[in-house]
Amino acid sequence: MLALADAPQAWAPDNTTTIVVAVAALISAIVTGVVAGRASVKANRVTAQSNERVAEQSAAAERAKVESEAFSRAKEIYDHAITELREELDRIRTQYERTQEQLDKISEKLLTERNSSQEVRDQLHRAQREMSEMSSRIEYMERVIGHLRAQILTAGLQPAEHIIHGGSSP
C-alpha cells in the first residue's frame, strides 16, 4: 500500500473490478452488520419479553403461593371455628334436652297438681253440698222434733228424751 501512495499509477480496468469487489464487500459487510444488528435487537427484545414473562410468571406463582398459604390459614381458622361452633351446638342441645326434660317433669307435676287440686275442689264441693244437705236435715229434724215434743207436751206427757237423759223439759 505504500507503493500506491509513492507512485501515481494509471488507472487500470483491474482496479475498477477491485474497487467494485471492495465496495460490494463493504456493502455486504454493512448489510450483514445491519441484519446482525436487527437480529441482535430482535433477540434482545425477545429475551427481554421472555424475561418479563418469566418475571410475571414468577410473580404470579409467588402470588398464588401467598394466596394458597392465606387460603390454608383461612381454612384452618374456619375449620377451627366450625369445630368450636359444633361443640357449642352440642352443649346447647344437651342443655336444651335437659331443660326440656325438666319442663316435661314440671308440666306433669303441674297437671298432677291441677288434677289433684280439681279433685280436692270437687271433694270440697261434695262435702259442702253434703254439709248443706245435713244442715237442712238437722233443721228439718229439729223442727219435727220440736213439733212432736210440743204435741207430746200438749197431750200432757213427758217426752222420752227427758226420761233417757234424765233432764227437764225445755
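Residues numbered from 1 in each chain as written. Predicted model: local features only at pLDDT ≥ 70, side-chain atom pairs only at ≥ 80, totals over all residues. Heavy atoms only, no water.

Considering the overall build of the protein
Okay, so step 1: Secondary structure assignment for the protein yields three helices and zero strands.
Okay, so step 2: Moving toward the C terminus, one meets the helices and strands of the protein in the order α-α-α.
Okay, so step 3: Total accessible area on the protein is roughly 15200 Å²; 60% of this is exposed by carbon and sulfur atoms. (Helix = DSSP H or I, 4+ residues; strand = E, 2+ residues; numbered from the N terminus. Areas by Shrake-Rupley, 256 points an atom, 1.4 Å probe, with all protein chains shown as cover.)

Concerning a negative patch on the surface
Okay, so step 1: Together, Glu-97, Glu-101, Asp-104 and Glu-108 line one region of the surface with negative charge.
Okay, so step 2: Take Glu-97: its relative accessible area is 47%, and that puts it in the partly exposed class. (Patch = residues over 30% accessible without salt bridge, like charges linked within 9 Å, V, L, I, M, F, W, Y side chains within 5 Å. Salt bridge = Lys/Arg side-chain N within 4 Å of Asp/Glu carboxyl O. Lys, Arg positive; Asp, Glu negative; His and termini not counted. Charge placed at Lys NZ, Arg CZ, Asp CG, Glu CD. Buried < 20%, exposed > 50% of the residue type's maximum accessible area, 1.4 Å probe, protein only.)

Quick word on the pattern of salt bridges
Okay, so step 1: Per the counting criterion, the structure on display carries two salt bridges.
Okay, so step 2: Across the pair Asp-79 and Lys-75 runs a salt bridge whose closest N-O atoms are separated by 3.0 Å. Placement of the pair is Asp-79 and Lys-75 together in helix α2 (residues 13-154), with a separation of four residues, close to one helical turn.
Okay, so step 3: Look at Lys-75 and you get partly exposed, because its relative accessible area is 43%.
Okay, so step 4: The salt bridge involving Glu-88 is made with Arg-91; its shortest N-O contact spans 2.6 Å. In this pair, Glu-88 and Arg-91 both sit in helix α2, three residues apart, roughly one turn of the helix.

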